[in-house]
Amino acid sequence: MRFAIIGAGKIASKFCEAVRMTDGAELAAVGSKDPERARLFAETNGVPLHFGSYEEMLGSAKIDAVYISTTHNFHYDNIKLCLSKGKHVLCEKSMVTCKSDAVELFAIAKEKGLLLAEGMWIRHLDALKTVKKWISDGEIGDITLASMVAGFRAEVPDSHRLVNPALGGGVVFDIAVYAIETATYLFGEDIKNVLHTLHRGQAGSDMTVNLLLDYGGFTASLICTLAGGQPTDLLVSGSGGYIRMPSFIGGAECFLHKTGQEPVHFTAPYQNGFQFELAEFIRCVREGRTESQIMPAQDTTQCAEIFDVLLS
């Protein structure tokens, strides 16, 4: 499958590395609104073709799919353009910034028979899959409480994409998306209520969010920040023990603590990490799917609906 890239930045370089690690994938082209930026990225990352126009690039018959890694504010327009040109799309998180955009774009993809998937790469890692299996198998009994904390101090100027509202900056789109979509992956989509507090920084973007997802029988507490350092940790408590996953955003290990038994330690080291979502993407296209089973449209749409609640 021949991939083009929209957005010639740091994360796209990681994607290029993942393509080289994945059977059935190859780099075809990169596009940027800055032709020189596209040229330099192509030379540095071994991409055969480079374009200073997205439209020109997407007109090429040498491209099957597009990886989008622009800032969040451009994702909707970028995805819609790619779908209109008949290309499958893998778009970095957060795929969209509101529910209505998600609904519209997934409907277009389905109508055209194209795959549209959000790049939530951590869902494809063996450690998080193991946590999900432990929960599904009832290893810790009934869930009584869950918590996730994640964040760091973004020491960047107000114009930086992390904190610039005009570029879709803020903790919700950059960090909380991981926690929200980890919660729906592990616990399902049946959220009864959403409560939150949110604090903004000098640039006007959201810098800290404390989010409570009420699942009826238990609550998942998600605390995310761009205003200060803290560990990135996942804890799921149950009636028969607990599960802990340090560094759940990309972590390679997890621990099962069953009451009265020795702890179980699972570890699955990896390099890069994007190759797993890439392999899933290719499999879905070959099977004629318009959405991924691991990162389905419903989960991306529900996450975007929570964005609407948090940022309204």
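Our structure's up above, just so we're on the same page.
Attention in this report is confined to the structure presented alongside it.

About the criteria used
- Residues numbered from 1 in each chain as written.
- Predicted model: local features only at pLDDT ≥ 70, side-chain atom pairs only at ≥ 80, totals over all residues.
- Heavy atoms only, no water.
- Helix = DSSP H or I, 4+ residues; strand = E, 2+ residues; numbered from the N terminus.
- Buried < 20%, exposed > 50% of the residue type's maximum accessible area, 1.4 Å probe, protein only.
- Lys, Arg positive; Asp, Glu negative; His and termini not counted.
- Salt bridge = Lys/Arg side-chain N within 4 Å of Asp/Glu carboxyl O.
- Polar contact = N/O pair within 3.5 Å; in protein donor to acceptor, adjacent residues only side chain to side chain.
- Contact = heavy atoms within 4.5 Å.
- Pairing = 2+ DSSP bridges.
- Axes fitted to C-alpha atoms, helices over the stretch in contact; angles between N-to-C directions.
- Parallel < 35°, antiparallel > 145°, perpendicular 65-115°, else oblique.
- Nonpolar A, V, L, I, M, F, W, Y, C, P; charged D, E, K, R; others polar.

### Focus: the side chain of aspartate 206
Residue position: aspartate 206 is located in strand 9 (residues 206-214). Here aspartate 206 sits buried without a salt bridge, and the closest side chain of opposite charge, arginine 200, lies 4.0 Å off (N-O distance). One polar contact links the side chain of aspartate 206 to the main-chain amide nitrogen of valine 172, over a distance of 2.7 Å. Setting aside chain neighbours within four positions, we find aspartate 206 in contact with Gly169, Gly170, Val171, Val172, Leu198, His199, Arg200 and Leu311.

### Concerning the sheet that holds strand 1 (residues 2-6)
In any sheet, the strands associate via hydrogen bonds between backbone groups, in a parallel or an antiparallel arrangement. Spatially, six strands are ordered 3-2-1-4-5-6 in an open sheet, and the strand pairing comes out parallel. Looking at the sheet topology across the chains shown, the edges are occupied by strand 3 (49-51) and strand 6 (116-119). Across the sheet, the axes of successive neighbouring strands diverge by a mean angle of 20°, strand direction being ignored. Alignment of strand 2 (residues 26-31) against strand 3, held across three bridges, turns out to be parallel. By the bridge assignment for strand 3, alanine 29 is matched with leucine 49.

### Notes on the sheet that holds strand 14 (residues 264-267)
Overall, mixed pairing links the eight strands, which are arranged 8-9-10-7-11-12-13-14 in an open sheet. Looking at strand neighbours, the two that pair on one side only are strand 8 (193-200) and strand 14, the edges of this open sheet. Averaged over all pairs of adjacent strands, the angle between strand axes in this sheet comes to 10°, irrespective of strand direction. Pairing between strand 8 and strand 9: eight bridges, direction antiparallel. Residue pairing across strands places asparagine 193 opposite aspartate 214, the latter belonging to strand 9. Strand contacts of helix 6 (residues 126-136): strand 7 (143-151), strand 11 (233-238), strand 12 (241-246), strand 13 (253-258) and strand 14, with the helix running at about 20° to strand 13, the strand carrying the most contacts.

### Topic: the pattern of salt bridges
Going through the model one piece at a time under the given rule, you end up with 16 salt bridges. Of the charged contacts, one joins arginine 2 and aspartate 64 as a salt bridge, the two residues approaching to 3.0 Å between their closest N and O atoms. One end of the pair, arginine 2, is in strand 1; the other, aspartate 64, is in the loop between helix 3 (54-58) and strand 4 (65-68), with 62 residues separating them in the sequence. Under the relative-accessibility criterion, aspartate 64 is labelled partly exposed at 26%.

### Overview of the packing of helix 5 (residues 99-112) against helix 9 (residues 297-311)
At their nearest, the axes of helix 5 and helix 9 sit 7 Å apart, and the two run at 155° to each other. Classified by the interaxial angle, the pair formed by helix 5 and helix 9 is roughly antiparallel. Seen from helix 5, the contacting residues are Lys99, Ala102, Val103 and Phe106; seen from helix 9, they are Ala297, Thr300, Thr301, Ala304, Glu305 and Asp308. Residue composition of the contact of helix 5 with helix 9, by class: five nonpolar, two polar and three charged.

### Regarding the environment of glycine 31
Structurally, glycine 31 can be placed in strand 2. Judged by relative accessible area, glycine 31 falls into the buried class, the value being 0%. In the structure, glycine 31 is positioned 142 residues away from phenylalanine 173 in sequence and 24 Å away in space, judged by C-alpha atoms. Those residues within four positions of glycine 31 in sequence are excluded, and the remaining contacts are Ile5, Ile6, Gly7, Ala8, Phe51, Tyr54 and Met57.

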